[in-house]
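Analysis of the macromolecular model
In case you want the letters, here they are:
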Amino acid sequence: MVGKEYEFWRDLEEDPFGDVFGESVAPIFDAGLADLVEPNFVVGDGVSFESTPGHTPGHVSVHIDSKDEKAIISGDMMHHPLPDCAARVGHPRLMPTMVQRWRPAKPSWNVMPTNPF
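Since the structure is predicted, the reported quantities are computational estimates derived from the model, not experimental observations. (Residues numbered from 1 in each chain as written. Predicted model: local features only at pLDDT ≥ 70, side-chain atom pairs only at ≥ 80, totals over all residues. Heavy atoms only, no water.)

1. Observations concerning the overall build of the chain
Looking only at helices and strands, one finds four helices and five strands in the chain. Counting only residues that meet the buried cut, the chain has 31% of its 117 residues in that class. Within the chain, residue pairs in contact and separated by at least 24 positions form 55% of the contacts whose partners lie at least 6 positions apart. When the accessible surface of the chain is totalled, it reaches about 7900 Å², and 57% of it is carbon and sulfur. (Helix = DSSP H or I, 4+ residues; strand = E, 2+ residues; numbered from the N terminus. Buried < 20%, exposed > 50% of the residue type's maximum accessible area, 1.4 Å probe, protein only. Contact = heavy atoms within 4.5 Å. Areas by Shrake-Rupley, 256 points an atom, 1.4 Å probe, with all protein chains shown as cover.)

Set out below in structure tokens:
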């Protein structure tokens, strides 16, 4: 997990979804099953992270490159950047930065695990 993302959720004073960090993330770290990494971490051959802050300060997208196929798992980075929506689904101060900074390498696939609209 990216260090900034870990710190964001660990230090969140009030999560509208309950204690998700305490119930789902902290036990994995407490058991020694996860490491903190930098935003542009290379997982292995053909798999790397790219910093795409906006939804949260430490958000990353995952690049996958295998033979002639490319994919980006963009996660929640594509949430609607309008201020009234950003306040509900993304970190409001970072939404414009996220949209401006992300420059995909023309992937064959863009996988968005959550619906952005």
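2. Details of the pairing of strand 2 (residues 47-51)
As paired strands, strand 1 (residues 42-44) and strand 2 are joined by two bridges and run antiparallel to one another. Residue pairing across strands places Val42 opposite Ser48, the latter belonging to strand 2. Here strand 1 folds back onto strand 2, and the loop between the two strands holds two residues, one of which, Gly46, carries a positive phi near 80 degrees. (Pairing = 2+ DSSP bridges.)

3. Thoughts on unusual backbone geometry
You will see that Lys67, though not glycine, has its phi angle at about 55 degrees, which is positive. When you line up the elements, Lys67 lands in the loop between strand 3 (60-66) and strand 4 (69-73).

4. Concerning the layout of surface pockets
Over the atoms a probe the size of a water molecule is rolled, and this reveals where empty space is left. Taken as a whole, the second largest pocket spans an internal volume of roughly 190 Å³. What lines the second largest pocket is Met1, Val2, Glu5, Trp9, Phe49, His55, Thr56, Gly58, His59, Val60, Val62 and Asp76. Mapped by element, the contributors of at least two residues to the lining of the second largest pocket are helix 1 (3-10) and strand 3. When its residues are assigned to classes, the lining of the second largest pocket shows six nonpolar, four polar and two charged. (1 Å grid on protein atoms, 1.4 Å probe; cavity = no way out; pocket = protein on both sides within 12 Å on 5 of 7 lines; lining within 4 Å. Points joined across faces, edges and corners; volume = space filled by probe spheres on them. Nonpolar A, V, L, I, M, F, W, Y, C, P; charged D, E, K, R; others polar.)

Keep in mind that these numbers describe shape and distance, not what the molecule does.
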